[in-house]
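# Reading the structure
Below are the chains, spelled out letter by letter.
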Amino acid sequence: MFDCEDDILAYHDDEITLPQPERTAMRDRRNANRDRVKEGLKNASNPRPIEFKGQGSYAMRTMTQHPENNYDIDDGVYFEMTDLVGPKGGDLSPLDARQMVRDAADDGCFKTRPEVRKNCVRVVYDAGYHIDIPVYRRVVTRDAFGQESVHYELASSEWKRSDARDVTKWFDTENNRQSGDTSNGRQLRRITREIKKFAKSRNSWRLLSGFGITKLVAECFRGNVNREDAALYDTMKAIRDRLNLDLVVKHPVTLNETITNGEKDPKAVNLKDRLSDAINWLAPLIEANCTREKAVKCWDNVFNTDFFSNRFEESTQAATAGSASVLSAGLLIESGQSEGARDAVQKQGGGRYA
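Next up on the list: the overall build of the chain. Within the chain, the regular secondary structure consists of 12 helices and eight strands. Here the C-alpha radius of gyration of the chain, 26 Å, is well above what a compact globule of 354 residues would show, namely 20 Å. Over its C-alpha atoms, taken along the principal directions, the chain stretches across nearly 100 × 45 × 45 Å. The proportion of buried residues among the 354 residues of the chain is 46%. In the chain, of all internal contacts separated by at least 6 residues, the share reaching a separation of at least 24 is 60%. For the chain, the exposed surface amounts to about 18600 Å²; the carbon and sulfur share of it is 45%.

Structure (C-alpha cells):
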C-alpha cells in the first residue's frame, strides 16, 4: 500500500482532533452550565446533586472538529436516590427528575429553552453546540447479611440501571490494551476519530452514531504503529467485513442492550456501504505503479477534502524552490562568490548540499 502515513497523521492533527483551546472553551461552557444548574436547583429548594461527570466522546476524547461547531457535550448529573422524593414522600419519577433539572438549567437567557428528552435534558446554544445532561440517581441496597452495594440508575422512560462512566473506563482500557503506541492519544483513539470524521464527511450521509463507530473500532481494530494509513485502511476493511456478517452492535458494558436498532438497522447498513465505497476509492494505493499524486487524491475522496492534494502541491513547490536555490548557489560558487553561496546553502538545507 502506498505510504501516506505522514499525510494521515497531519490530517488527524490539523483537521480532525480538537485543538486544546477549543477543548478548554468547551470545558468552560460545561462548567458554566453546571453552575447554572446548581444555582437553579438551590433557588427552587430542590436537592443538591452529588456530582457532575463528563461522558461520551468528550470524556473519551474522541470528538472531531465540526465546521459549524455542531458539538455535543454529555455531562451527567448525579443525585442520591433518597433525595429524589416527591411532596408525598414517594420516589420522584424519571420524568419529574428530568423536568426538575430542565427547570434549573432554564435561567431565561437561552433563545431555545432547555428541553426534556427521553434520556437527558438538552441545552442548546446559539453558537451551534449543545450540552446533554443525563440525570442519574445513586441507589444503595443491602443484602440479607447487611452488605451494602451501590449502583446508578438513569432517568429514562423508566429508572434504568446505567452509568456512562463505565463506558469511559471501557474505552480507556481498550485504547491502552490494543494501541501499540503511547503518544498523541494512542492509535486506537486516533483511528476512532478518523473513522468518525469519515462518517461525517458528507451532510447527506446518515450513518451509525459515533458511539456505534467507537464500539466497532474497538472490536475490529487493526493496529500498525509504523503505518497510520495502513491501520486506518485495515480497520475500515475489518469493520466492513464484520458488518457484512452481522449488523447488530452490542453495548460495550450494558448486558442485553444494543447500540443498533434491530437486526437490519439502516444506519449500520449505510456505514457498511460507505466503508465499501471508501475501500474501493483506495484501491489504486495497492497497485504497484501508484504515485504520490494519485494516492493523495484517493484520500481526498475518502474524507471529501482537498487537504491531501494541497499538501502534495505544497511539498512539490517546496522541492522545486529548494532545487532552484541549490542551482543558484552552485552557479554563484562557480562564479567566484563561494563564501556567500555556501552560507545561503547552509541556512536553507542545514548543510546537506554544502
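Between two packed helices, what matters for the description is the angle formed by their axes and the separation of those axes. Between helix 8 (residues 228-245) and helix 9 (residues 266-281), whose axes approach to 9 Å, the crossing angle comes to 135°. The angle between helix 8 and helix 9 falls in the class oblique. In this structure, helix 8 crosses over helix 9, and the sense of that crossing is left-handed. Contacts from Tyr 233, Met 236, Lys 237, Ile 239, Arg 240, Leu 243 and Asn 244 in helix 8 reach Ala 268, Leu 271, Lys 272, Leu 275, Ser 276, Ala 278 and Ile 279 in helix 9. Its residues assigned to classes, the contact of helix 8 with helix 9 comprises nine nonpolar, two polar and three charged.

Averaged over every residue, the pLDDT of the chain is 90; the share at 70 or more is 91%. Note on residues 338-354: pLDDT is under 50 here. Beyond four places in sequence and across chains, it has 14 contacts.

What follows is about the packing of aromatic side chains. Counting across every chain of the model gives 12 aromatic pairs. Ring geometry for Tyr 11 against Phe 303: centres 4.8 Å apart, planes inclined by 50°, an arrangement best described as tilted. Of this pair, Tyr 11 sits in helix 1 (residues 5-16) while Phe 303 sits in helix 10 (residues 292-303), and the two are 292 residues apart along the sequence. Given the relative accessible area of 4%, Tyr 11 is considered buried. Given the relative accessible area of 4%, Phe 303 is considered buried. Taking 5.5 Å as the distance between ring centres and 85° as the angle between the ring planes, the aromatic pair formed by Tyr 78 and Tyr 152 counts as edge-to-face. Of the two residues, Tyr 78 sits in strand 2 (residues 72-80) while Tyr 152 sits in strand 7 (residues 148-155), which places them 74 residues apart along the sequence.

So, on to the nonpolar core. Ranked by internal contacts, the top residues of the largest apolar core, which has 50 residues, are Trp 299 and Phe 303. Elements represented by at least two residues in this core include exactly helix 1, helix 5 (165-178), helix 6 (187-199), helix 7 (210-220), helix 8, helix 9, helix 10 and helix 11 (307-334). The leading source of residues in this core is helix 8, at seven residues. The contacts of Trp 299, once residues within four sequence positions are left out, are Met 1, Cys 4, Ile 8, Asp 229, Leu 232, Leu 282, Leu 285 and Phe 308. With 28 residues, the next largest nonpolar core counts Met 63, Val 101, Phe 110 and Val 121 among its residues.

With respect to the secondary-structure elements, His 251 resides in the loop between helix 8 and helix 9. Of note is the side chain of His 251, whose polar atom sits 3.1 Å from the backbone nitrogen of Val 253. Apart from the residues lying within four places of it in its own chain, the contact partners of His 251 are Val 167, Phe 211, Lys 215, Glu 257, Thr 258 and Ile 259.

Here the focus is the pairing of strand 4 (residues 121-124). Where strand 3 (residues 115-116) and strand 4 come together, two bridges link them in antiparallel fashion. Looking across to strand 4, one finds that Glu 115 is bridged to Arg 122. Here four bridges tie strand 4 to strand 5 (residues 130-133), and the two strands are oriented antiparallel to one another. In the sheet register, Val 123 faces strand 5, and the bridge partner there is Ile 131. Linking strand 4 to strand 5, which pair antiparallel, is a turn of five residues; within it Gly 128 sits at a positive phi near 120°.

Criteria and cut-off values
- For every chain, the first residue of its written sequence is number 1, and the numbers climb from 1 along that sequence.
- Whole-chain, interface and lining totals are the exception, using all residues; otherwise, since this is a predicted model, local features are given only for residues with pLDDT of at least 70 and side-chain atom pairs are given and counted only at 80 or more.
- The basis for the side-chain values is all heavy atoms of the structure; hydrogens and waters are excluded.
- Segments assigned H or I by DSSP are reported as helices when at least four residues long, segments assigned E as strands when at least two residues long, and all are numbered from the N terminus.
- A radius of gyration in this sense is built from C-alpha atoms; the matching globule rule multiplies 2.2 Å by the number of residues raised to 0.38.
- Burial here depends on accessible area, computed with a 1.4 Å probe over protein chains only, as a share of the maximum for the residue type. Under 20% is buried, over 50% is exposed, and the range in between is partly exposed.
- Contact between two residues is taken to exist if any of their heavy atoms lie within 4.5 Å; hydrogens are not considered.
- Residue-level accessible areas treat just the shown protein chains as cover; the underlying method is Shrake-Rupley with a 1.4 Å probe.
- Axis lines are fitted through C-alpha atoms, for helices just across the contact stretch, and the angle between N-to-C directions can take any value from 0 to 180 degrees.
- Here is the rule for angles: anything less than 35 degrees is roughly parallel, anything more than 145 is roughly antiparallel, 65 through 115 is roughly perpendicular, and the remaining ranges are oblique.
- By the definition used in this description, the sense in which the near helix is turned from the far one sets the handedness, with an anticlockwise turn below a right angle giving left-handed and a clockwise turn giving right-handed.
- Each residue is assigned to one class: nonpolar for Ala, Val, Leu, Ile, Met, Phe, Trp, Tyr, Cys and Pro, charged for Asp, Glu, Lys and Arg, and polar for all the others, Gly among them.
- Predictor confidence is given residue by residue as pLDDT, running from a minimum of 0 to a maximum of 100.
- Ring pairs shown here join Phe, Tyr and Trp side chains whose ring centres sit within 6.5 Å, with only the six-membered ring taken for Trp; geometry is labelled stacked below 30 degrees between planes, edge-to-face above 60, and tilted in between.
- Take the buried Ala, Val, Leu, Ile, Met, Phe, Trp, Tyr and Cys residues and link them wherever side-chain atoms come within 4.5 Å; each set so joined is a nonpolar core.
- Here a polar contact is recorded for every N or O atom pair within 3.5 Å, except that within protein the pair must consist of a potential hydrogen donor and a potential acceptor, and residues adjacent in sequence are included only if both atoms are side-chain atoms.
- If DSSP finds at least two bridges between two strands, the strands pair.

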